Amino acid sequence: MHFSTFSCWIQVDGTPLPEYQVQDSPDGAGVRCWIPSEVGKAFQICCSDSERALTTGSVAIVDGQKCGGNILYSKSDRPRSKYSFTTQKGAVISETSYRPFVFSNCQLVDDDNLLDRPSEIGQIKVVIHEIRIHGREPPRNIALAPLQMHERAKKGIVHGIRLGNEVVEKQNPTKKSSSLRKIATFTFNYRPMGVLVAEGIAPRSEDVRVTTKVMPMPSSNVVDLTLNDDSDKEASCSQKGRIDIELVKQERPDDVVIDLTV
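The rules behind each value
- Residues numbered from 1 in each chain as written.
- Predicted model: local features only at pLDDT ≥ 70, side-chain atom pairs only at ≥ 80, totals over all residues.
- Heavy atoms only, no water.
- Core = buried A, V, L, I, M, F, W, Y, C linked by side-chain atoms within 4.5 Å.
- Buried < 20%, exposed > 50% of the residue type's maximum accessible area, 1.4 Å probe, protein only.
- Helix = DSSP H or I, 4+ residues; strand = E, 2+ residues; numbered from the N terminus.
- Contact = heavy atoms within 4.5 Å.
- Phe/Tyr/Trp six-rings, centres within 6.5 Å; stacked < 30°, edge-to-face > 60°.
- Lys NZ or Arg CZ within 6 Å of the ring centre and 35° of its normal.

> If you had to explain the nonpolar core to someone new, which residues and values would you point to?
Counting 35 residues, the largest nonpolar core has Phe 43, Ile 45, Ile 161, Phe 186 and Phe 188 as its most contacted members. Taken together, the elements giving at least two residues each to this core come down to β2 (6-12), β5 (30-37), β6 (42-49), β7 (56-62), β11 (97-105), β13 (123-137), β15 (159-163) and β17 (174-192). Examining the composition of this core, we find that five residues originate from one element, β17, more than from any other. Excluding its chain neighbours within four sequence positions, the residues that come into contact with Phe 43 are Ile 10, Gln 11, Val 12, Lys 89, Phe 101, Val 102, Phe 103, Ile 124 and Ile 161. Leu 196, Val 197, Ile 201 and Ala 202 belong to the second-largest nonpolar core, a separate cluster that totals five residues.

> Give me the lowdown on unusual backbone geometry, citing residues and values where you can.
Positive phi values are uncommon outside glycine, yet Asp 13 reaches one of about 55°. Assignment of secondary structure puts Asp 13 in the loop between β2 and β3 (15-16). On the basis of relative accessibility, which here comes to 61%, the residue Asp 13 falls in the exposed class. The phi dihedral of Gln 21 is positive, around 50°, even though this residue is not glycine. With respect to the helices, strands and loops of the structure, Gln 21 is situated in strand β4 (residues 20-24). Residue Gln 21 is classed as partly exposed on the basis of its relative accessible area, which comes to 39%.

> I'd love a proper account of the packing of aromatic side chains, names of residues and values included.
Enumeration according to the criterion identifies three aromatic pairs in this entry. When the ring of Phe 43 is compared with that of Phe 101, the centres are 5.3 Å apart and the planes differ by 20°; the resulting orientation is stacked. Taken together, the residues span a long stretch of sequence, with Phe 43 in strand β6 and Phe 101 in strand β11 at a distance of 58 residues. The same class applies to Phe 43 as to Phe 101, namely buried. In this structure an aromatic cluster arises from ring pairing among Phe 43, Phe 101, Phe 103 and Tyr 190. In this structure, Arg 78 packs its charged tip against the face of Tyr 73, placed 4.0 Å from the ring centre.

The following block contains the structure:
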């Protein structure tokens, strides 16, 4: 999906998922669509900015829970950067590992307490902020709520998202930052393909047109935001960004705290 100079898509096995019924959000501050989900498939969240006029942070909100994100530096902040996109593979859980996002089955239960709880299971949001980066701080642990739906309230929602097994990969220190303004929100509603077809959201055809291009990736599968091709792998890894946003009390009520990696 596209909004101004920004694009965002969900990919599985390196290929963007098809997007159906793409339309502007009711508030005009973003776009939304439907994508197919498949149990057991890990996915990644990708964002790009064709102009890179601003340094921005993308915050992933998975089933209603914040799960970190990425930063993308402006051309003025990182003039040597060759890439205009980022990829988030999952939730960082320590300085040396992360857990991938995985589509999974929901557990249907007969618990009336769940009827009164608002649920955002079945939705991935990516919020783009213009940011100002500050000092470093330790990474935060991220955990998703159990995938439980009441039998009478599922409304076609049979899939949710869990965090997969830990993947050992060196992570970098996070950085704290504040949001200068929110730019756009990308909303992906996901359901099994069979549900999308039955509801008339996806066509009854195996030929699916992918609307988002696959961006070229470095051979190390690490997004290098600042260094040239002659940089070594360890240096390239240090350019990835991740962020968490939470409201903090400052002079401006819309300021937020963002954890970033550079």
